[in-house]
There are 2 protein chains.
Amino acid sequence: MPTSFPMNSGDAVYSYSKNSQIQREVLDGAKEMMKEAIIENLDIKNMLSSSNKFYITDLGCSIGPNTFNSMQHIVQVVKDKYHDNILEFQVFFNDHVNNDFNTLFRSLPVDRSYYASGVPGSFHGRLFPSRSIHFAHSSCAIHWLSKCPKELLDDKSLAWNKGLIHYVGASNVEVVNAYVAQFEKDMEMFFNARAEEIVPGGMMVLLSPFSGYRYLKFFGSTLKDLVNEGMIDESLVDSFNVPVYFPSIEDMTKVVEKNDFFSIEKIELTYPKSKLVDEADAKTLIINLTAVLQKLFINHFGNKITEEIFTRTILKSEEISTWMKINCEKACQLFVALKRK
Amino acid sequence: MPTSFPMNSGDAVYSYSKNSQIQREVLDGAKEMMKEAIIENLDIKNMLSSSNKFYITDLGCSIGPNTFNSMQHIVQVVKDKYHDNILEFQVFFNDHVNNDFNTLFRSLPVDRSYYASGVPGSFHGRLFPSRSIHFAHSSCAIHWLSKCPKELLDDKSLAWNKGLIHYVGASNVEVVNAYVAQFEKDMEMFFNARAEEIVPGGMMVLLSPFSGYRYLKFFGSTLKDLVNEGMIDESLVDSFNVPVYFPSIEDMTKVVEKNDFFSIEKIELTYPKSKLVDEADAKTLIINLTAVLQKLFINHFGNKITEEIFTRTILKSEEISTWMKINCEKACQLFVALKRK
């Protein structure tokens, strides 16, 4: 069973539900593209035949509110396209079994125009009966690898990632290759499962941060500080790598073509509307990342050290802000619209 | 929005998941009848046409393990009937939005032969798209009223239920009538929703305790003691009624016939295999009821008094045991098998 580190649950200060602005910007930027993709590619007459049920899933939905926003958008675009009040929508909110589904369910919008259900389990495996889904959506989720490639932790391997916590900033190409290989393995499972579950003619839209986690390097430098100060042992850093890979257009094209059950209707890099640059924004960004990464860090470093890591990294917001002003143009996301052949 | 009082969550000593033996006996007793009903009445060839997806829901599933037991049984019986390995099953576990779905999901059997999902919401309203369910099941759930009939609390009403907490033991027929009226209203909503959701030819099996909560009278007598000792005010008892009604064959027949979308294939009272009679069993029974009723009591009486009520009632296990030895033959459940016309 793959390990999983859900977003922070509940609705407290550092919870995911209150700290998901970056993910929201990713979604807002993609809304128009999603609308166009649906208008150009979706053909429900053919797909549904005599039925009026349209089944949607959000894979890796976390606990809201972004998932509600996306799901309502998809429903509305499909309704508008067909000027149809007869269609009935069911949304399957999917995430790992240790996701906080209670919070998700309790914050479902009262005025939603779909039937809601939750589906626990890894999207790297099967989640639904064959040919039962008409539209699959996944945002800020497929870049999570099912596990950390073990070569990164092996001092006998060429891919040993000594002193770093990610491939970003690594000069050793074997490190990147190990991440790519794991991404390809995961996506092979992902696409095999979706090829069974999505009806012919059905669509899948994937959104993935392309460079959003480059700020991970600041967590890396905090860890280096802690090692230098003797607060943690070097080996604790060497045995930790963040299991996220940001696929390029080429990476995605390769995995889709290998699977061969989906046609690529659109694939491109898009830029979020707002560009986070000032110090307050940098703080927001780090707190966002805290909500996403905290459990992963706690699992490896424990509560106390993790608190130290996050507190210190937030204090670097001025430095991060300066860095972002220079590097911000590169911050973008990957949008992929696919159709089941 | 109707109020709801979920079973005790988690897996601690008084949790529902560790204290649902009575409900389990109800289910075990019904297993054979369910099997027969499916074998005699289910016609999937007609119902599914070219599809191989069979959608099941457990309405008011709570948090397991009984629901897993029932769902696996239904899946197995359908599979056996059709000697079919092509069928794919999806189970929708339904309960109120404040049910502990996290615990439910985390305790899903690993070796289940169905795709699992959770559906939050009251089964007195719509939960699924039209014609999307092939088999609906509900055990130990429909006897919960959506609310307490307000006449019971009104000292101007003929149905004022002074000094009692339920219609069991009430000599005033207006009290029973108020409960019946609420049950009929709730079931009208229940059957209207299911008539839309269940495909023609689809089945629904309902199980309801017929007399299992007669032991409520012992909680009532504990409350009387507390009033006499001046620990609580009489008005606190007068303003509390347990919102459960145990339908008879006649009650159920009436609501099904009024709805008119379902045919009754079987309706009968059945007896659990084991007869709880000794003092240890009486204790088990009261602890079972504690898991079911605790939140309802806490909501009205607060934590401290509720603890007092349950502790004192458990101490009456000898008296309860004696009473049960005399009254046990009457302890039974209502089994109803319906088919969507």
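Criteria and cut-off values
- Residues numbered from 1 in each chain as written.
- Chains lettered and ligands numbered in written order.
- Predicted model: local features only at pLDDT ≥ 70, side-chain atom pairs only at ≥ 80, totals over all residues.
- Heavy atoms only, no water.
- Helix = DSSP H or I, 4+ residues; strand = E, 2+ residues; numbered from the N terminus.
- Buried < 20%, exposed > 50% of the residue type's maximum accessible area, 1.4 Å probe, protein only.
- Contact = heavy atoms within 4.5 Å.
- Areas by Shrake-Rupley, 256 points an atom, 1.4 Å probe, with all protein chains shown as cover.
- Least-squares fit on C-alpha atoms with pLDDT ≥ 70 in both.
- Buried area = accessible area lost by both parts, 1.4 Å probe.
- Salt bridge = Lys/Arg side-chain N within 4 Å of Asp/Glu carboxyl O.
- Polar contact = N/O pair within 3.5 Å; in protein donor to acceptor, adjacent residues only side chain to side chain.
- Phe/Tyr/Trp six-rings, centres within 6.5 Å; stacked < 30°, edge-to-face > 60°.
- Lys NZ or Arg CZ within 6 Å of the ring centre and 35° of its normal.
- Axes fitted to C-alpha atoms, helices over the stretch in contact; angles between N-to-C directions.
- Parallel < 35°, antiparallel > 145°, perpendicular 65-115°, else oblique.
- Left-handed = near helix turned anticlockwise from the far one by under 90°.
- pLDDT = per-residue confidence, 0-100.
- Expected span 1.5 Å × (residues − 1).
- Bend = angle between axes of the 7 residues up to and from the residue.
- 1 Å grid on protein atoms, 1.4 Å probe; cavity = no way out; pocket = protein on both sides within 12 Å on 5 of 7 lines; lining within 4 Å.
- Points joined across faces, edges and corners; volume = space filled by probe spheres on them.
- Pairing = 2+ DSSP bridges.
- Right-handed = clockwise from strand over helix to strand, strands pointing away.

Chemist: Got a minute to help me understand the overall build of chain A in this structure?
Modeler: The number of helices and strands found in chain A is 10 helices and seven strands. Per-residue burial for chain A yields a buried fraction of 58% across its 341 residues. A separation of at least 24 residues holds for 83% of the contacts in chain A among residues at least 6 apart in sequence. Counting only carbon and sulfur atoms, one obtains 53% of the accessible surface of chain A, whose full area is about 14,100 Å².

Chemist: What exactly am I supposed to notice about the relation of the copies chain A and chain B here?
Modeler: Copies of the same chain, two in number, are related to each other by a rotation about an axis and a translation along it. Structural alignment of chain A on chain B gives an RMSD of 0.0 Å, achieved by rotating through 180° and translating 0.0 Å along the axis. This pairing of chains is accounted for by a two-fold axis. No C-alpha of chain A lies nearer the rotation axis than that of A:Gly118, which sits 2.4 Å from it.

Chemist: Before we go on, may I ask you to explain the interface of chain A and chain B in this structure?
Modeler: Bring the parts together and some accessible area is lost; that lost area is often taken as the interface size. Taken together, the contact pairs 27 residues of chain A with 27 residues of chain B. Taken over both partners, the interface formed by chain A and chain B buries close to 2,200 Å², and the fraction arising from carbon and sulfur atoms is 55%. Three residues, A:Phe105, A:Tyr115 and A:Pro129, lead the burial of chain A against chain B; their summed loss comes to 24% of the area buried on that side. One salt bridge in this structure joins A:Glu88 and B:Arg126, with 3.2 Å as the shortest N-O distance. Here chain A is connected to chain B by 20 residue pairs in polar contact (both at pLDDT 80 or more).

Chemist: What should I look at first to understand the pattern of salt bridges in this one?
Modeler: Once the charged atoms of two side chains with opposite charge are near each other, the side chains can pair. One pass over the structure, following the stated rule, counts 26 salt bridges over all chains. When the shortest N-O distance is used, the salt bridge between A:Asp260 and A:Lys341 registers 3.1 Å. Taken together, the positions of A:Asp260 in the loop between helix 8 (249-259) and strand 6 (262-270) and A:Lys341 in the segment after strand 7 (333-340) put the pair 81 residues apart, joining distant regions of the chain. Taking relative accessible area as the criterion, A:Asp260 reaches 48% and is therefore assigned partly exposed. Through salt bridges that share partners, A:Glu88, B:Arg126, B:Arg194 and B:Glu197 make up one connected network.

Chemist: It is not clear to me how the packing of aromatic side chains should be interpreted in this structure. Could you clarify?
Modeler: For any pair of aromatic rings, the description rests on two quantities: the centre-to-centre distance and the angle between the ring planes. Considering all chains together, one arrives at 42 aromatic pairs over all chains under this definition. Summarising the aromatic geometry, the rings of B:Tyr55 and B:Phe92 are spaced 5.7 Å apart at their centres and angled 75° between planes, so their arrangement reads as edge-to-face. Of the two residues, B:Tyr55 sits in strand 1 (residues 53-59) while B:Phe92 sits in strand 2 (residues 88-95), which places them 37 residues apart along the sequence. When sorted by exposure, B:Tyr55 lands in the same class as B:Phe92, which is buried. With a centroid separation of 5.2 Å and an interplanar angle of 75°, the aromatic rings of B:Phe219 and B:Phe310 are classed as edge-to-face. Of this pair, B:Phe219 sits in helix 6 (residues 216-228) while B:Phe310 sits in helix 9 (residues 279-315); the two residues are 91 residues apart in sequence, bridging distant segments of the chain. Judged on exposure class, the residue B:Phe219 and its partner B:Phe310 are both buried. In textbook terms, an aromatic cluster arises when at least three aromatic residues are bridged by ring pairs, as seen for A:Tyr55, A:Phe92, A:Phe128, B:Tyr55, B:Phe92 and B:Phe128. For the cation-ring pair, A:Arg194 lies above A:Phe190, with the distance from its terminal atom to the ring centre recorded as 4.9 Å. Across from the ring centre of A:Phe218, 5.4 Å away, lies the NZ or CZ of A:Lys217, which sits over that ring.

Chemist: What should I look at first to understand the packing of helix 6 of chain B against helix 9 of chain B in this one?
Modeler: Geometry of a packed helix pair, given as the angle between the helix axes and the separation of the axes. All names here are of chain B. Put simply, helix 6 and helix 9 touch, their axes get as near as 11 Å, and they point 25° apart. One way to sum up the angle between helix 6 and helix 9 is to call them roughly parallel. Classified by chirality, the crossing of helix 9 by helix 6 is right-handed. Of the residues in helix 9, those touching helix 6 at Leu216, Phe218, Phe219, Thr222, Leu223, Asp225 and Leu226 are Ile286, Leu289, Leu293, Phe297, Phe301, Ile305, Glu308, Ile309, Phe310, Arg312 and Thr313.

Chemist: Any chance you could explain the confidence of the model for chain A here in plain terms?
Modeler: Detailed reading of the predicted coordinates is not advisable wherever pLDDT is low. Taken residue by residue, chain A gives an average pLDDT of 89. The fraction at 70 or more is 88%. Here the predicted complex carries an ipTM of 0.90, next to a pTM of 0.91.

Chemist: Help me understand helix 9 of chain B, please; the structure alone is not making it clear to me.
Modeler: The periodicity of an α-helix, 3.6 residues per turn, causes residues three or four positions apart to be oriented the same way. Between the first and last C-alpha of helix 9 of chain B there are merely 10 Å, a value that for 37 residues lags more than 12% behind the 54 Å anticipated at 1.5 Å per step. Where helix 9 of chain B bends most, the angle comes to about 120°, and this point is B:Gly302.

Chemist: What am I meant to see in the side chain of A:Asn41 here?
Modeler: Residue and element names in this part refer to chain A. Relative to the elements of secondary structure, Asn41 occurs in helix 1 (residues 21-41). Since its relative accessible area comes to 12%, Asn41 is described here as buried. Within the structure, the side chain of Asn41 is placed 2.9 Å from the backbone oxygen of Ala37, a separation counted as a polar contact. Here Asn41 is in contact with Met203, Glu265 and Lys339, once residues within four sequence places are set aside.

Chemist: I keep staring at the environment of A:Ala116 and nothing clicks. Help me out?
Modeler: As for its position among the elements, A:Ala116 is in strand 3 (residues 115-120). Separated by 25 residues in the primary sequence, A:Ala116 and A:Val91 have C-alpha atoms spaced 5.1 Å apart. Setting aside residues up to four positions removed in sequence, A:Ala116 forms contacts with A:Val91, A:Phe93, A:Leu108, B:Gly118, B:Val119 and B:Pro120.

Chemist: Can you walk me through the layout of surface pockets in this structure?
Modeler: Over the atoms, a rolling probe the size of a water molecule traces out where space has been left empty. Put simply, the largest pocket is a space of about 1,000 Å³. Around the largest pocket, the lining comprises 29 residues; the ones closest to its centre are A:Ser51, A:Lys53, B:Leu48, B:Ser51 and B:Lys53. Where the lining of the largest pocket is concerned, the elements lending two or more residues are helix 2 (44-48), strand 1 (53-59) and strand 5 (198-209) of chain A together with helix 2 (44-48), strand 1 and strand 5 (198-209) of chain B. Per-element accounting of the lining of the largest pocket gives the leading share, three residues, to helix 2 of chain B.

Chemist: Explain unusual backbone geometry to me, please; I cannot follow it from the model alone.
Modeler: A negative phi holds for most residues other than glycine; trans holds for most peptide bonds. Residue and element names in this part refer to chain A. The linkage connecting Gly64 with the following residue, Pro65, adopts the cis geometry, with an omega of 0°. You can see Pro65 is positioned in the loop between strand 1 and helix 3 (66-82). For Arg131, which is not a glycine, the phi torsion comes out positive at approximately 50°. Structurally, the position occupied by Arg131 is in the loop between strand 3 and strand 4 (133-139). Looking at Arg131, the relative accessible area reads 51%, which means it is exposed.

Chemist: Explain the environment of A:Leu226 to me, please; I cannot follow it from the model alone.
Modeler: Residues and elements named next belong to chain A. Among the structural elements, Leu226 can be located in helix 6 (residues 216-228). In sequence terms Leu226 and Lys156 are 70 residues apart; their C-alpha atoms lie 25 Å from each other. The contacts of Leu226, once residues within four sequence positions are left out, are Met231, Ile232, Ile305, Glu308, Ile309 and Arg312.

Chemist: What should I look at first to understand the environment of A:Asp251 in this one?
Modeler: Residues and elements named next belong to chain A. Mapped onto the secondary structure, Asp251 falls in helix 8. The spatial distance from the C-alpha of Asp251 to the C-alpha of Leu127 is 24 Å, given a sequence separation of 124 residues. Of note is the side chain of Asp251, whose polar atom sits 2.9 Å from the backbone nitrogen of Ser248.

Chemist: What is the right way to look at the pairing of strand 1 of chain A in this model?
Modeler: Successive residues of a regular strand alternate their side chains across the two faces of the sheet. Residue and element names in this part refer to chain A. Of all seven residues in strand 1, seven are buried; the element is thus mostly enclosed. By the alternation rule, side chains of strand 1 split into Lys53, Tyr55, Thr57 and Leu59 and Phe54, Ile56 and Asp58, which are all buried. Across seven bridges, strand 1 lies against strand 2 (residues 88-95) in parallel orientation. By the bridge assignment for strand 2, Thr57 is matched with Phe92. Following the chain from strand 1 across helix 3 to the adjacent parallel strand 2, one finds a crossover that is right-handed.

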